[in-house]
Amino acid sequence: MSAFPVPLLIDWLPNGFPSRQPLPRPMTQEVQTDPSADDIAKEVAAAIVAHKLPPGTRLREEALAKVYKVSRTKIRAALLMLSKDKLINIVPDKGAFVSKPDANEAREVYAVRRILEAALAREFVAHAKAADFRRIDAHLAEERKALDSGDVQTRNRLLSHFHILLAETVGNSVLTGMLRELSARSAVITVLYQSSHDASCSSQEHHAFIEAARTGDTERACALMDEHLQHVQTALNFSGGHQAGNDLVTALLS
Ligand SMILES: [Zn+2]
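Procedures and definitions
- Along every chain, residues carry numbers that run from 1 in the direction the sequence is written.
- Two thresholds apply to this predicted model, a pLDDT of at least 70 for residue-level local features and 80 or more for giving and counting side-chain atom pairs, whereas whole-chain, interface and lining totals are computed over all residues.
- Helix numbers and strand numbers start at the N terminus; a helix is a DSSP run of H or I with at least 4 residues, a strand a run of E with at least 2.
- Note on burial: count the other C-beta atoms lying within 10 Å of the residue's C-beta; 20 or more is buried, 12 or fewer is exposed, in between is partly exposed, and C-beta positions come from the backbone.
- For helices, the fitted line uses only the C-alpha atoms of the stretch in contact; every axis is such a line through C-alpha atoms, and the angle between N-to-C directions lies from 0 to 180 degrees.
- An angle below 35 degrees is treated as roughly parallel, one above 145 as roughly antiparallel, one from 65 to 115 as roughly perpendicular, and anything else as oblique.
- Contact between two residues is assigned whenever their backbone-derived C-beta positions fall within 7 Å.
- The quantity called pLDDT is the predictor's confidence in a given residue, expressed from 0 to 100.
- Only buried residues count toward a nonpolar core: Ala, Val, Leu, Ile, Met, Phe, Trp, Tyr and Cys, linked into one set through C-beta atoms within 7 Å.
- Residue ranges assigned to each domain were obtained from an automatic or database domain assignment.
- In this scheme, a helix's expected span is set at 1.5 Å multiplied by one less than its residue total.
- The arc refers to the directions leading from the helix axis to the C-beta atoms.

**What to know about the overall build of the chain**
Across its full length, the chain holds 11 helices and 3 strands. Put simply, the chain has 254 residues, and 33% of those count as buried.

**A look at unusual backbone geometry**
Positive phi is not limited to glycine here, since K86 has a value of about 65°. Along the chain, K86 turns up in the loop between α4 (72-84) and β2 (88-91). Overall, K86 belongs to the partly exposed group, with 16 C-beta atoms counted inside 10 Å.

**Some points on the packing of helix α3 (residues 61-68) against α4**
It is at 9 Å that the axes of α3 and α4 come closest, and there the two elements cross at 110°. By the angle between their directions, the pair α3 and α4 is classed as roughly perpendicular. Residues E61, E62, L64 and A65 of α3 form the contact with α4, whose own contacting residues are R72, I75 and R76.

**A short note on the confidence of the model for the chain**
Scored by pLDDT, the chain has a mean of 83; 81% of the residues are at 70 or more. Per-residue pLDDT stays below 50 along residues 1-23; that stretch engages in 31 contacts with residues further than four places along the chain or on separate chains. Note that residues 249-254 has pLDDT below 50 and, in this model, 12 contacts with residues that lie over four places away or in other chains.

**Some points on the environment of C222**
Residue position: C222 is located in helix α10 (residues 218-234). The exposure class of C222 is buried, given the 21 C-beta atoms found within 10 Å. Each C-alpha atom, one on C222 and one on A212, is 9.0 Å from the other, the two residues being 10 residues apart in sequence. Not counting residues up to four positions away in its chain, the partners in contact with C222 are A118, A121 and R122.

**Here we look at the nonpolar core**
Judged by nonpolar contacts, the single largest core of 56 residues is most densely connected at V44, A78, L82, F124, A213 and A221. Residues lining this core come from more than one domain, with at least three contributed by each of domain 1 (1-100) and domain 2 (103-235). In this view, A221 contacts A121, V125, F209, A212 and A213; residues no more than four positions away in its chain are not counted.

**Quick notes on helix α6 (residues 130-149)**
With 20 residues, α6 extends 29 Å between its outermost C-alpha atoms, agreeing within 8% with the 28 Å of an ideal straight helix rising 1.5 Å per residue. Among all positions of α6, only I136, E143, A146 and L147 are buried. Looking straight down α6, one finds that the buried residues subtend no more than 100° of arc, so they occupy a single side. In this structure, α6 carries A130, A131, R134, D137, A138, A141, D148 and S149 as exposed residues pointing more than 90 degrees from its buried face. In the core, the buried residues of α6 are packed alongside α7 (152-170) and α9 (196-214).

**Remarks on the environment of L179**
In this fold, L179 is placed in helix α8 (residues 173-193). You can call L179 buried: it has 24 C-beta atoms within 10 Å. C-alpha of L179 to C-alpha of S160: the two residues are 19 residues apart in sequence and 9.7 Å apart in space. Ignoring sequence-local partners within four residues, the contact set of L179 consists of L116, H163, I164 and A167.

So, in structure tokens, the structure goes:
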């Protein structure tokens, strides 16, 4: 029999579910089925984003399998998905841990981005056509909607994807690949350490960049991109009072 009290489980899960229901909220209202690996990955991701599972938390397969009443194989698949998104790190012989990027890593990631994206900004202004601007304008509208909705994960994904859209417009697949990698690392940093206010500023800076690019002002566009990346990095708050090493089993069973 399950020893852990349901209220603790509710506290840990992002959206909660009826108090007499110890399984995660079913994906449909009428039919309750076992959660898929994807469902579990989404729930855990939401808990990480909401800081209910702070950076450094160990995620035990066995405990997760108990919580979701699924096999460890399914949990492993969910953890693998999370590690691909860089939200967790799987350390051989040690287990899975919520990612814990620090200020130094952020400095390094953003330093490389500033070098790459100065060149990207220049290329973007040279290559962008009316259709590209329409596509990016639509994206910026989505960013604004996500910011207004308070959906942290969606806003973070869209803010990050803006930069990949610029790279796609330029059409250099090597540059796009490097940007994807750097954006994934940045996205983990911002989802954990960027405030809603700063996310909103980011979106405004995207707008300002696009307006400069639209008028063909290359130097201004490059300067705005550099300032934007500096702002994002310097506004990160790494002192959020997270507790490292908070074992999931302890969180659920104590
Ligand atoms: Zn940005």
